[in-house]
Amino acid sequence: MAAAADGLGSIAIDTTQLNMSVTDPAAWATAMNNLGMVPVGLAGQQLVTDSICVRGFDPNLSMMTGITPINPMLPGMGLVPQPPPAEVPVIKEIIHCKSCTLFPPNPNLPPPSTRERPPGCKTVFVGGLPENATEEIIQEVFEQCGDITAIRKSKKNFCHIRFAEEFMVDKAIYLSGYRMRLGSSTDKKDSGRLHVDFAQARDDFYEWECKQRMLAREERHRRKMEEDRMRPLSPPAIMHYSEHEATLLAEKLKDDSKFSEAITVLLTWIERGEVNRRTANQFYSMVQSANSHVRQLMNEKATHEQEMEQAKENFKNALMGILTQFEQIVAVFNASTRQKAWDHFSKAQRKNIDIWRKHSEELRNAHSEQLMGIRREEEMEMSDDDSTDNPSSKKLRVDESALAAQAYALKEENDSLRWQLDAYRNEVELLKQEKGQLFRTEESITKDQQLQFLKQTLQGMQQQLLKIQEELNNKKSELEQAKEEHTHTQAMLKILQEQLKKHTKELAETNGHDESQANEINVLTVPLVNQDREKISEKRSQPLKSEKEALLIGIISTFLHVHPFGANIEYLWSYMQQLDSRISANEIEMLLMRLPRMFKQEFSGVGATLEKRWKFCAFERIKTT
């Protein structure tokens, strides 16, 4: 408050302060410019624009009357104006305070950048303060933007200022870019360029959240009040059944104006279960009264149908009159388009007449189709009605209506008797249920027994299925063991063959002169081994299992027939791998061993060069046989 008082006190300037020498025109112009006045008696351009000066202000007023002019940029007199619109260029002026002066930035420079405004922002960051700036000077400068609640100053030439309202922050942002100078000092520590930006504070965000919650509560309350206002009124309360109320209700059912209200009460009583043996007759009379109202409704419907037919007839007649007038208008346009009259019209007139004629023809055709549709509907109604309008048919109609009325009355009596019978049956069933005389029938018992028997059989089948699955798993394990044993025996056979080869080689080395005998022994041992192989393969030979095996045998036979000297299993497997990547060498060898009459295995070489080859021998076996 003291600072505000000082600011307000600084507004009044004594006239003695204006007494300065006119010999210095620059000083006089600067002083007049600071006061917001056009310099008097000086030639040249106006120092400040008219938009900054007070509108309608006469600069000669102070000279003639001695009234001290008031600078609108002084503290307390709207120092910082509202931010101008975007399309209006911003023009900032020098701001004089009691302890400092703020000089505007260069208008040619781009405006200072700011961060995104946080929600509910009431705090600003002020950087670039002079080193000698105190908290009192900062408050003096920024309290002109609004009430300040807190100032947090740092030792590094910046501070945070929190205002009372959000709109005050916009006024503080306006000061961003100004150069601040303390007094008239030119020291570097007494000047600095201000940078004002939005700051994110927890207190601001908390107050903003509280305000949003309050607005949300108000909105919910408003919506609730609107829903309560728009909610339809609750139906009137329906009285409980009594003989007196039933008598009044029967009278209301006979009154057309109160029938809707009375029928609602009757429906509610019936749904509540007020109908019993004692009140059945009274309710029957009320239901009969409601049924009698049906005839009145049918009569009303008939009158409305007559009114609708009359309205249709009136509409058809009016439509025919409109269509006649359309025909006349189209005839006028057609007559105008003939050569006698058409040649006398201008080009624009002909164009307009042609457009009008087309438009009138379209409207005429549309109304004509509508009228034809009405006539078709009348013809269909006439075809559905088989009766004629002669006197005999009228008598028949009267007789039929009388018979229909009698049949309707008999039907009502029959329905009432049937309803009474149903009511008696319901009462008997209720009594039986209360005494507990309803037991399960024999059919339900047999169904339960059958259900139990089916459950037992299902359980037995499940157990049998589990046993079969266990046996299948056992068979699979046995088959895997047999495969392992077979591979083991094949490996043992290979080892024995290698040992036999080594033994024959040693004998040949020790007895060099008996080399021919060793070769004979080797030649003899190979057929023996082949004979053993053939015996084993004959035992294992089985017919082909699938079409895939037959295809493989054909491809292998062709391959081995092209190689008359035979091929080892690795070479054969590498060729088959190109055709089927999933096949293995073991599968090919097993397949060849199963067919000893088509394929034979021979050993070639001696010692380390011994190699096992497969040959195609089917043609040789055919010749021998």
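Residues numbered from 1 in each chain as written. Predicted model: local features only at pLDDT ≥ 70, side-chain atom pairs only at ≥ 80, totals over all residues. Heavy atoms only, no water.

Would you mind showing me how to read the overall build of the protein here?
Across its full length, the protein holds 18 helices and 10 strands. Within the span of the protein, comprising 625 residues, buried residues form 24% of the whole. Look at the contacts in the protein between residues 6 or more apart in sequence, and 61% of them connect residues 24 or more apart. Carbon and sulfur atoms make up 56% of the accessible area of the protein, which totals about 45,600 Å². (Helix = DSSP H or I, 4+ residues; strand = E, 2+ residues; numbered from the N terminus. Buried < 20%, exposed > 50% of the residue type's maximum accessible area, 1.4 Å probe, protein only. Contact = heavy atoms within 4.5 Å. Areas by Shrake-Rupley, 256 points an atom, 1.4 Å probe, with all protein chains shown as cover.)

Just checking my understanding: could you explain the packing of helix α7 (residues 243-254) against helix α8 (residues 259-272) for this structure?
Think of two packed helices as two axes; the pair is described by the angle between the axes and how far apart they sit. Relative orientation of the contacting elements α7 and α8 amounts to 140°, with a least axis distance of 8 Å. Of the possible angle classes, the one that applies to α7 and α8 is oblique. Two packed elements cross with a definite hand, and for α7 against α8 that hand is left-handed. Together, E245, A246, L249, K252 and L253 of α7 and F259, E261, A262, I263, V265, L266 and W269 of α8 make up the contact between the two elements. Its residues assigned to classes, the contact of α7 with α8 shows nine nonpolar, no polar and three charged. (Axes fitted to C-alpha atoms, helices over the stretch in contact; angles between N-to-C directions. Parallel < 35°, antiparallel > 145°, perpendicular 65-115°, else oblique. Left-handed = near helix turned anticlockwise from the far one by under 90°. Nonpolar A, V, L, I, M, F, W, Y, C, P; charged D, E, K, R; others polar.)

Explain empty space enclosed by the protein here, please?
In this approach, a probe sized like a water molecule rolls over the atoms, and the result shows the empty space that is left. One pass over the full model with this rule turns up two cavities of 30 Å³ or more. Roughly 40 Å³ of internal volume is contained in the second largest cavity. For the lining of the second largest cavity, a count of residues per class yields six nonpolar, one polar and one charged. (1 Å grid on protein atoms, 1.4 Å probe; cavity = no way out; pocket = protein on both sides within 12 Å on 5 of 7 lines; lining within 4 Å. Points joined across faces, edges and corners; volume = space filled by probe spheres on them.)

Quick question: what am I supposed to make of a negative patch on the surface here?
On the surface, a cluster of negative charge is contributed by E305, E309, E377 and E381. Of all the secondary-structure elements, those providing two or more residues to the negative patch are α9 (280-336) and α11 (347-384). Positionally, E309 belongs in helix α9. With a relative accessible area of 39%, E309 lands in the partly exposed category. (Patch = residues over 30% accessible without salt bridge, like charges linked within 9 Å, V, L, I, M, F, W, Y side chains within 5 Å. Salt bridge = Lys/Arg side-chain N within 4 Å of Asp/Glu carboxyl O. Lys, Arg positive; Asp, Glu negative; His and termini not counted. Charge placed at Lys NZ, Arg CZ, Asp CG, Glu CD.)

How should the sheet that holds strand β2 (residues 100-103) be read in this particular structure?
Sheet strands pair by backbone hydrogen bonding; their relative direction is either parallel or antiparallel. If you trace the four strands from one edge of the open sheet to the other, you get β1-β2-β6-β7, paired in antiparallel fashion. The sheet terminates laterally at β1 (95-96) and β7 (191-193), the two strands that pair on one side only. (Pairing = 2+ DSSP bridges.)

When you look at the side chain of D190 in this model, what are you seeing that I'm missing?
Tracing the sequence through the fold places D190 in the loop between β6 (179-182) and β7. Put simply, D190 is tucked away with no salt bridge, and the nearest opposite charge, on K189, sits 8.6 Å away. Discounting residues that sit within four places of it in the chain, D190 has contacts with P130, N132, M180, R181, L182 and S185.

Sorry if this is basic, but what is going on with the confidence of the model for the protein here?
Low-pLDDT stretches of the model should not have their predicted coordinates read in fine detail. Averaged over every residue, the pLDDT of the protein is 77; residues scoring 70 or more account for 75%. Low pLDDT (under 50) marks residues 517-529, which in the prediction has eight contacts with non-local residues, meaning those over four places away or in another chain. Note that residues 537-541 has pLDDT below 50 and, in this model, nine contacts with residues that lie over four places away or in other chains. (pLDDT = per-residue confidence, 0-100.)

How should I be thinking about the packing of aromatic side chains in this particular structure?
Two descriptors summarise a pair of aromatic rings, namely the distance from one centre to the other and the angle between the planes of the rings. Under the counting rule described, the total for this entry stands at nine aromatic pairs. A centroid spacing of 6.5 Å and a plane angle of 80° characterise the contact between W269 and F283, whose relative ring orientation is edge-to-face. Of this pair, W269 sits in helix α8 while F283 sits in helix α9, and the two are 14 residues apart along the sequence. Taking the relative accessible area as the measure of exposure, F283 reaches 3% and is therefore buried. The interplanar angle of 20° and the centroid separation of 4.6 Å between the aromatic rings of F559 and Y575 together place this pair among those described as stacked. (Phe/Tyr/Trp six-rings, centres within 6.5 Å; stacked < 30°, edge-to-face > 60°.)

I tried to follow the side chain of D580 on my own but got confused; where do I start?
Turning to its location among the elements, D580 is positioned in the loop between α16 (569-579) and α17 (585-594). Reaching out from D580, the side chain makes a polar contact with the backbone nitrogen of R582 at a distance of 3.3 Å. (Polar contact = N/O pair within 3.5 Å; in protein donor to acceptor, adjacent residues only side chain to side chain.)

Honestly, the nonpolar core in this entry has me stumped. Any pointers?
V126, F142, I161, F163, L175 and M180 are the most contacted members of the largest nonpolar core, which has 29 residues in total. Of all the secondary-structure elements, those providing two or more residues to this core are β2, β3 (123-127), α4 (135-142), β5 (158-163), α5 (167-173), β6 and β8 (195-198). Ignoring any residue separated from it by four or fewer positions in sequence, one finds V126 in contact with F142, N157, F158, C159, I161, L194, H195 and V196. Among the nonpolar cores identified, the runner-up in size contains 19 residues, and F559, L560, M576 and M593 belong to it. (Core = buried A, V, L, I, M, F, W, Y, C linked by side-chain atoms within 4.5 Å.)

I tried to follow the pairing of β2 on my own but got confused; where do I start?
Successive side chains on a regular strand alternate, one facing one side of the sheet and the next facing the other. Here β2 shows a buried face lined by C100 and L102 and a second buried face lined by T101 and F103. Here β1 runs beside β2; their pairing, made up of two bridges, is antiparallel. Each residue of the ladder has a partner; that of I95, found in β2, is L102. Here β1 folds back onto β2, and the loop between the two strands holds three residues. Two elements, β2 and β6, share four bridges in a ladder whose sense is antiparallel. Looking across to β6, one finds that L102 is bridged to M180.

Would you take a moment to explain unusual backbone geometry for this structure?
Note: most peptide bonds trans; most residues except glycine with negative phi. Its identity as a non-glycine residue notwithstanding, N157 has a phi of 65°, on the positive side. Tracing the backbone shows N157 in the loop between β4 (148-153) and β5. Residue N157 is classed as partly exposed on the basis of its relative accessible area of 25%.

Would you mind going over the sheet that holds β4 with me for this structure?
The sheet built from four strands is open, its strands ordered β4-β5-β3-β8 with antiparallel pairing. The sheet is open, and its two borders are formed by β4 and β8, each paired with just one other strand. Put simply, the sheet's adjacent strands are angled 20° from each other on average, direction ignored. Direction of pairing for β3 relative to β8: antiparallel, over a ladder of four bridges. Its bridge partner lying in β8, V126 is registered against V196.

Before we go on, may I ask you to explain the state of the cysteines in this structure?
Covalent bonding between the sulfur atoms of two cysteines is what defines a disulfide. What the rule picks out here adds up to zero disulfides. Free cysteine: C97, not disulfide-bonded; nearest cysteine sulfur from C100 at 4.3 Å. (Disulfide = S-S within 2.5 Å.)

Before we go on, may I ask you to explain helix α15 (residues 547-562) in this structure?
In an α-helix, one full turn covers 3.6 residues, which means residues spaced three or four apart are oriented alike. The terminal C-alpha atoms of α15, which comprises 16 residues, lie 23 Å apart, in line with the 22 Å expected from a rise of 1.5 Å per residue. All of the buried residues along α15 are E549, L552, I553, I556, S557, F559 and L560. The buried residues of α15 occupy one face: seen down the axis, they fall within an arc of 165°. Of the exposed residues in α15, the ones pointing more than 90 degrees away from its buried face are E547, L551, T558 and V562. (Expected span 1.5 Å × (residues − 1). Arc of directions from axis to C-beta.)

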